[in-house]
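Each chain, written out:
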Amino acid sequence: MSDNGQNVIELPGSITVRDLAQRTSASPIQVIKILMSNGVMANINQLVDFDTAAIVASELGFEARAETIEEAVEEAETGEIPLWRQLIADEDPAKLTNRPPVVTILGHVDHGKTTLLDAIRHTNVASGEAGGITQHIGAYQVEHQNQLITFLDTPGHAAFTAMRARGAQGADIVILVVAADDGVMPQTREAIAHARAARVPIIVALNKIDRPDANPDFVKNQLAENGLVPDEWDGDTIVVPVSAKQKQGIEDLLEAVNLTAESLSIKANPDGKVFGTVIEARVDRAKGVLATLLVQNGTLQSGDTVIAGSSYGRIKAMFDFRGKRIRKAGPSTPVQIMGLNDVPAAGEIFRVVPSEKEARAIIEERQSREAQVAAQTPRATLEELFSRAQAGEDKELRLIIKADVQGSLEPIVKSLKDLEKDSEITINVLHNETGNVSENDVMLASASQAIVIGFNVTADAAARRLAESEGVSIRLYDIIYRMIEDVEKALKGMLEPEVKETVIGQANILAVFNISKVGKVAGGRVVNGEIRRNAKVRLLRGGKEIWHGEFSSLKHGKDDVREVRQGFEFGANLRGYDDFEVGDVIECYILEKTSF
């Protein structure tokens, strides 16, 4: 307690809205409202600086003080805040030197991310030709004007978000790929949101400019509408026209990366504490666990003992991105290591510890702490809510509602609020909005112990993964009265969990191809929703089901893809079945346990 009677809390140099709410025992909504009243617009997983957080804390009755370095290091190790923002502060400024920028590529699924990565890799691999690459380790380095650039070869929002969610800063710069013939798409907007949430500068690669229907000015206008005003329009976003297929504009893109990196002053201490991020990991039958690490500070050496999440081990061998065996790796260097006892998750923070004995002790303490937190944090299910209400512990049901159109939201909210009349439990709609269930919705639900309800919408894969890890319940409906009926039953303690089937997309088979060594391939177009590689599949003929199972492959053009959205064509094999015909309908669906 301070002299003025306020409680004292210690805050880091930057903190997310969600963490600030937890530390001040306030709801995220309260924190967001205070920020708004002070002219700051922020979402639940956005970072705010110490001064801004201190103002919020003051209005909530706390006196904020800056955290010590020791406390910041401990929090960074538990993944609560971006590691590099805290651990670099512990280094001697005189020993900090420039390090190569780390770049990741994001964008819409069909806009050429993979082709662009390949073009960069095969035209400009550092210190050698592309033929020198003997294995894929999820990252590589190129050289432009005698300066190294590290690329994370893991394009996609899931990998990028996993790193942020675990407190790591996987990239210094994001290249946003936008097709000049297609423009800004939903995934493009999602990528922009991810980069902004991580406070990472964006360079736009305007791809496919060689196409006859390319319309760069139209796309630039779309980018400006989404807050990315091109520098040629007096904005601060570098937009580089490229053709990944024709390998045009690659040098200009690398030059833009170098210019951006210079303005960021990206530094590390090669002789300091060794830490970084797990890019990817897998089990090899002959070599055991292979983990790709990105060193962010210090110098990693063969023989070091590494800890990453609940995995640990002494490095038996270390390889660079070409597969060449090396003994040490400095900041911004991607390496593949052998020697861990288990497969760490992508995005986990790794660090070097003195011995395996100490590594085991750290993991045991961490697991014990996590178990205590999990035991104290009840899952936000309606069954759990009802039992807590019966015991007098909780008298409020908190909901986040998503619907396809604005016209659906008002009757849904009104009908749910009407249920309060016959119940002892208050229904609090924290947030309602049109659009599919997103990660932000799940983050808000997690912080508020709320339930997400959707009408005529879907939940994207990243949101589902986050919901599962955070213990958030998502329920999706296509009939309003069933939604209201389920909530009413739950409030009365009568709702039983059920497995619900949700159709996520349909496609028409337009052609059947016989390909040697492959067999029959169905060529089709998605007419509704999306089809996913890992979803369940049924084949319809004349409106009747003739087969159900899974895809064995899904391609768009020559590329293997995880999903294909409405309007796009694809080629697919069905696992164990090839008796499909032109005119058949492929229907994709998922099964969910709809427990509140």
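Throughout, residues of each chain are indexed from 1 in the direction in which the sequence is written. In keeping with the predicted nature of the model, local features appear solely for residues at pLDDT of at least 70, side-chain atom pairs appear and are counted solely at 80 or more, and the whole-chain, interface and lining totals rest on all residues. The basis for the side-chain values is all heavy atoms of the structure; hydrogens and waters are excluded.

Student: Got a minute to help me understand the overall build of the protein chain in this structure?
Tutor: Here a strand is any run of E in DSSP of at least two residues, a helix any run of H or I of at least four, and the numbering for each starts at the N terminus. Check the secondary structure of the protein chain and you find 16 helices and 33 strands. Any residue under 20% of the maximum accessible area for its type is buried, any over 50% is exposed, and the rest in between are partly exposed; the area is computed with a 1.4 Å probe on protein chains only. Within the protein chain, the proportion of its 596 residues that are buried is 52%. Residues count as neighbours in contact if any of their non-hydrogen atoms are within 4.5 Å of one another. Put simply, of all contacts in the protein chain between residues at least 6 apart along the chain, 71% involve residues at least 24 apart. As displayed, the protein chain has an accessible area near 27,400 Å², and 47% of this comes from carbon and sulfur atoms. Only the protein chains shown count as cover for residues, and all accessible areas are computed by the Shrake-Rupley method using a 1.4 Å probe.

Student: Before we go on, may I ask you to explain the packing of aromatic side chains in this structure?
Tutor: Each aromatic ring pair is specified by the distance between its two centres and by the angle formed by the two planes. A pair of aromatic rings is counted whenever rings of Phe, Tyr or Trp (Trp by its six-membered ring) have centres within 6.5 Å, and the orientation is called stacked for planes under 30 degrees apart, edge-to-face for over 60 and tilted otherwise. Inspection of the entire model under this criterion finds two aromatic pairs. Consider the rings of Tyr140 and Phe151, whose centres lie 5.8 Å apart with planes at 20 degrees: the pair is stacked. With a gap of eleven residues between them, Tyr140 in strand E7 (residues 139-144) and Phe151 in strand E8 (residues 147-152) connect regions that are remote in the sequence. The pair Tyr140 / Phe151 is uniform in exposure class, with both members buried. Here the aromatic rings of Trp547 and Tyr577 are separated by 5.3 Å at their centres, their planes lie at 20 degrees, and the arrangement is stacked. Of this pair, Trp547 sits in strand E29 (residues 544-556) while Tyr577 sits in the loop between strand E32 (569-574) and strand E33 (585-593), and the two are 30 residues apart along the sequence. A ring is scored as having a charge over it whenever the NZ atom of a lysine or the CZ atom of an arginine sits within 6 Å of its centre and within 35 degrees of its normal. Here the guanidinium or amino end of Lys287 rests over the ring plane of Phe319, the centre of that ring lying 5.9 Å away. One residue, Arg538, lies across the ring of Tyr589, its end atom 4.2 Å from the ring centre.

Student: Which parts of the structure should I look at to understand the pairing of strand E13 (residues 275-284)?
Tutor: One face of the sheet, then the other: side chains in a regular strand alternate in exactly this way. At least two bridges found by DSSP between two strands is the condition for calling them paired. By the bridge criterion, nine bridges tie E13 to strand E14 (residues 288-297) in an arrangement that is antiparallel. Counterpart to Glu280 in the pairing with E14 is Thr292. Turn length for the E13-E14 hairpin, with the two strands adjacent in sequence and antiparallel, is three residues. The pairing of E13 with strand E21 (residues 349-353) spans three bridges and is antiparallel. In the strand pairing of E21, Thr277 is matched with Ile349.

Student: Honestly, the packing of helix H2 (residues 28-37) against helix H3 (residues 50-59) in this entry has me stumped. Any pointers?
Tutor: Between two packed helices, the angle of one axis relative to the other and the distance separating the axes together describe the packing. At a minimum axis separation of 10 Å, H2 and H3 run at an interaxial angle of 115 degrees. Classed by the angle they form, the pair H2 and H3 counts as roughly perpendicular. Seen along the crossing, H2 lies across H3 with a hand that is right-handed. Contacts between H2 and H3 involve Val31, Ile34 and Leu35 from the first element and Thr52, Val56 and Glu59 from the second. Among the residues making up the contact of H2 with H3, the classes are represented as four nonpolar, one polar and one charged. To obtain an axis, a line is fitted to C-alpha atoms, over the contacting stretch when the element is a helix, and the angle between two such axes runs from 0 to 180 degrees between their N-to-C directions. Here the word oblique covers every angle except those under 35 degrees (roughly parallel), over 145 (roughly antiparallel) and from 65 to 115 (roughly perpendicular). Each crossing gets its hand from how the near helix is turned against the far one by less than a right angle, where anticlockwise is left-handed and clockwise is right-handed. Residues are grouped as follows: Ala, Val, Leu, Ile, Met, Phe, Trp, Tyr, Cys and Pro are nonpolar; Asp, Glu, Lys and Arg are charged; all remaining types, including Gly, are polar.

Student: Got a minute to help me understand the pairing of strand E20 (residues 334-338) in this structure?
Tutor: In terms of burial, E20 is a largely internal element, five of the five residues being buried. Going residue by residue along E20, you find Pro334, Gln336 and Met338 tucked away on one face and Val335 and Ile337 tucked away on the opposite face as well. Across five bridges, E14 lies against E20 in antiparallel orientation. Within E20, the residue paired with Thr292 across the bridge is Gln336. By the bridge criterion, three bridges tie strand E18 (residues 317-319) to E20 in an arrangement that is antiparallel. Bridge pairing in E20 links Met318 to Ile337.

Student: What am I meant to see in a nonpolar patch on the surface here?
Tutor: A contiguous nonpolar surface patch, about 270 Å² in accessible area, is contributed by Phe513, Ile515 and Val518. With relative accessibility at 49%, the residue Val518 sits in the partly exposed group. For patch detection, residues must exceed 30% relative accessible area and be free of salt bridges, and they are connected within 9 Å for like charges or within 5 Å for nonpolar side chains (Val, Leu, Ile, Met, Phe, Trp, Tyr). Between Lys or Arg on one side and Asp or Glu on the other, a salt bridge is scored when a side-chain nitrogen of the former is within 4 Å of a carboxyl oxygen of the latter.

Student: What is the right way to look at the sheet that holds strand E24 (residues 451-455) in this model?
Tutor: Within a sheet, each strand pairs with its neighbour through backbone hydrogen bonds, oriented either parallel or antiparallel. Strand order in the open sheet made by the four strands is E23-E22-E24-E25, with parallel pairing throughout. Each of the sheet's edge strands pairs with one partner strand only, and the pair in question is strand E23 (426-434) and strand E25 (474-477). Neighbour to neighbour, the strand axes of the sheet diverge by 20 degrees on average, direction disregarded. Strand direction decides the pairing type here: strand E22 (residues 396-403) and E23, joined by eight bridges, are parallel. Within the sheet, the bridge partner assigned to Arg398 lies in E23 and is Asn428.

Student: How should I be thinking about the confidence of the model for the protein chain in this particular structure?
Tutor: Regions with low pLDDT should not have their predicted coordinates read in detail. By definition, pLDDT measures how confident the predictor is in each residue, and it falls between 0 and 100. Put simply, the protein chain has an average pLDDT of 79, and 80% of its residues get 70 or more. Looking across the protein chain, the model is least confident in helix H4 (residues 69-77), with a mean pLDDT of 40, and most confident in strand E15 (residues 300-301), with 96. Below pLDDT 50 for its whole length, residues 1-5 participates in seven contacts with residues either more than four positions away or in separate chains. Across residues 125-135, where pLDDT falls below 50, the model places 28 contacts with residues more than four positions away in sequence or in other chains.

Student: Where do I start with the pattern of salt bridges in this structure?
Tutor: Between side chains of opposite charge, a pair can form as their charged atoms come close. In this structure the tally under the stated criterion is 19 salt bridges. Between Asp172 and Arg99 there is a salt bridge; the shortest N-O distance is 2.9 Å. Remark: Arg99 occurs in the loop between strand E5 (97-98) and strand E6 (102-107) and Asp172 occurs in the loop between helix H7 (157-165) and strand E9 (173-179); sequence separation between them is 73 residues. Its relative accessible area of 13% is what places Asp172 among the buried residues.

Student: For this particular structure, what's the right way to read helix H15 (residues 461-470)?
Tutor: Quick reminder: α-helices carry 3.6 residues per turn. Residues three or four places apart thus point the same way. Of the residues making up H15, those classed as buried are Ala462, Ala463, Arg464, Leu466 and Ala467. Taken from the residues just after H15, Gly471 is the one with a positive phi, measuring 75 degrees.

Student: Explain the environment of Asn456 here, please?
Tutor: You can see Asn456 is positioned in the loop between E24 and H15. In protein, a polar contact means a hydrogen-donor-capable atom and an acceptor-capable atom, both N or O and within 3.5 Å, with residues adjacent in sequence counting only if both atoms are side-chain atoms; elsewhere, any N or O pair within 3.5 Å suffices. Side chain to side chain, Asn456 and Asp404 meet in a polar contact 3.4 Å long.

Student: How should the sheet that holds E9 be read in this particular structure?
Tutor: Sheet architecture is open: six strands sit in the order E7-E8-E6-E9-E10-E11, paired in mixed fashion. If you trace the sheet from one side to the other, it starts and ends with E7 and strand E11 (239-241), each paired once. Neighbour-to-neighbour, the strand axes of the sheet open up by a mean angle of 30 degrees, direction not taken into account. Judged from the five bridges that link them, E6 and E9 form a sheet pairing that is parallel. Looking at the pairing, Val103 lines up with Ile173 of E9. Sitting on the sheet, helix H9 (residues 216-225) touches E9, strand E10 (202-207) and E11, and the angle it makes with E10 is about 155 degrees.

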